[in-house]
Amino acid sequence: MADPFLYNTGERSHYGCLGHEVQIEYLKAYVCRPSFSTDKAVIVVHDVFGWQFPDIRYIVDLIASHGYVTICPDFFKGTEPWKSTDHWHDFPDWMKNHDPLKVDKEADVVLKYLKEQCGAKKIGVVGFSWGGMAVHHLMLKNPQLTAGVSLYGIVRDSEERYSLLNPTFFIFGEKDHTISLDQIFLLEDKLKQYCKVPYKIKVYPGQVHGFAQLKPEDMKPEDKPYIEEARRDMIDWIKMFV
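Residues numbered from 1 in each chain as written. Predicted model: local features only at pLDDT ≥ 70, side-chain atom pairs only at ≥ 80, totals over all residues. Heavy atoms only, no water.

1. A closer look at the sheet that holds strand β3 (residues 40-45)
Thinking step 1. Spatially, β1-β2-β4-β3-β5-β6-β7-β8 is the arrangement adopted by the eight strands of the open sheet, whose pairing is mixed. Either end of the sheet is taken by a strand with one partner, and the two such strands are β1 (20-24) and β8 (199-204). Sheet twist, expressed as the mean angle between neighbouring strand axes with direction ignored, is 20°.
Thinking step 2. Where helix α3 (residues 104-117) meets the sheet, it contacts β1, β2 (27-32), β3, β4 (69-73), β5 (122-128) and β6 (145-151), and its direction lies at approximately 150° from that of β4. (Pairing = 2+ DSSP bridges. Helix = DSSP H or I, 4+ residues; strand = E, 2+ residues; numbered from the N terminus. Axes fitted to C-alpha atoms, helices over the stretch in contact; angles between N-to-C directions. Contact = heavy atoms within 4.5 Å.)

Set out below in C-alpha cells:
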C-alpha cells in the first residue's frame, strides 16, 4: 500500500504547545483557550498520528487564537496511534481497531465537558484525514455540533452520507490519491440533491493528502499559499456558523 501521507511525517520541527492536557472521564485531551472568555468552542479530531502529534496541537492553538476554546481529545482512547515507521500493509488491520465512524461516545463526553466545564453554547468540529471521516460522520449524527469542517476525509459506504444536519465544509487536495476527483464530484452532486443545510466543497490545486495541517516551518514554499488559504477558509467557515 502506498503511503497516503505524502508530506513527510517523519521529519517534524519541535513545537512548544500553548495549551495543556486534561483528563475528561476516561479520555485524555489537549485544550487551548483564547486570551478572553468565550462561550464558543471547537473540537479538533486528529488524524491517524493521534492527539499528541505536533501538527494537530499547532492547529488547536491556531483555532484557539481566533477566540474559541479548542480541544483535541484522544479518540484512540489510549491505544497506539499509527506511526511513520509502521508498515502500510498493516494499515487495514490497524483501521479495524480504530474506526473513525465509532466516535459518538467520545464526542458526547467532550460535548458534555465543553458545556458544563467551559460554558460553551456553540460548538463546532474540525477533523483531518481519519478525523475528517469522523467529522463527516458526526455531522450526519449529532445535532449538537453547530458546524463542521472535514479536511480530506469522507464517509464512503453509507447511503445516508449526504443528509448533513448542520453546515459542513469539505476541504480536499487536488493530488490526494486517497480521495479521487471522481469521488469529490460524486459528493458534490449528491449533496446538491439531498442536503438541506449549507455546505461547501473546495479543492486546492496541487495539494496532497495531509497538506493543510503543516506547521509554517515545515511547509514547502510552493505549497504555502494553498495551506494558508485552506486554513483561512476553515476559520472563516467556523466564524460564520459557530
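2. Here's the deal with the side chain of Thr-38
Thinking step 1. Within the secondary structure, Thr-38 is located in the loop between β2 and β3.
Thinking step 2. A distance of 3.1 Å separates a polar atom in the side chain of Thr-38 from the backbone nitrogen of Lys-40.
Thinking step 3. Reaching out from Thr-38, the side chain makes a polar contact with the backbone oxygen of Gly-67 at a distance of 3.4 Å. (Polar contact = N/O pair within 3.5 Å; in protein donor to acceptor, adjacent residues only side chain to side chain.)

3. A word on the pairing of β4
Across a regular strand the side chains alternate sides, sitting on one face of the sheet and then on the other.
Thinking step 1. Within β4, five of the five residues are buried, which leaves the element mostly enclosed by the surrounding structure.
Thinking step 2. Burial of the side chains of β4 extends over both faces: Val-69, Ile-71 and Pro-73 are buried on one face and Thr-70 and Cys-72 on the other.
Thinking step 3. Bridge analysis of β2 against β4 gives four bridges, and the strand direction is antiparallel. Paired with Tyr-30 across the strands is Cys-72, a residue of β4.
Thinking step 4. In the sheet, β3 pairs with β4 via three bridges, with the strands oriented parallel. Note that in β4 the partner of Ala-41 across the bridge is Val-69.
Thinking step 5. As a crossover connection, the stretch from β3 through helix α1 (residues 54-64) into β4 is right-handed. (Buried < 20%, exposed > 50% of the residue type's maximum accessible area, 1.4 Å probe, protein only. Right-handed = clockwise from strand over helix to strand, strands pointing away.)

4. Here's the deal with the state of the cysteines
Covalently bonding the sulfur atom of one cysteine to the sulfur atom of another cysteine gives a disulfide.
Thinking step 1. Taken as a whole, this structure holds zero disulfides when the rule is applied.
Thinking step 2. Unpaired in terms of disulfides, Cys-72 finds its nearest cysteine sulfur in Cys-17, a separation of 11 Å.
Thinking step 3. When its relative accessible area of 0% is taken as the criterion, Cys-72 is described as buried. (Disulfide = S-S within 2.5 Å.)

5. Topic: helix α5 (residues 181-194)
Thinking step 1. Between the first and last C-alpha of α5 there are 20 Å, a value that for 14 residues agrees with the 20 Å anticipated at 1.5 Å per step.
Thinking step 2. Along α5, the positions that sit buried rather than exposed are Ile-184, Leu-187 and Leu-191. Each buried residue of α5 sits inside an arc of 55° when the element is viewed along its axis, so together they form one side. Those residues of α5 that are exposed and angled more than 90 degrees off the buried face are Asp-182 and Lys-192.
Thinking step 3. Elements that come into contact with the buried residues of α5 comprise α4 (130-141), β7 (168-173) and β8. (Expected span 1.5 Å × (residues − 1). Arc of directions from axis to C-beta.)

6. Focus on the environment of Gly-173
Thinking step 1. Within the secondary structure, Gly-173 sits in strand β7.
Thinking step 2. The sequence separation of Gly-173 and Val-208 amounts to 35 residues, and the corresponding C-alpha distance is 5.2 Å.
Thinking step 3. Sequence-distant contacts of Gly-173, that is, excluding residues within four places in its chain, are made with Val-203, Tyr-204, Gln-207 and Phe-211.

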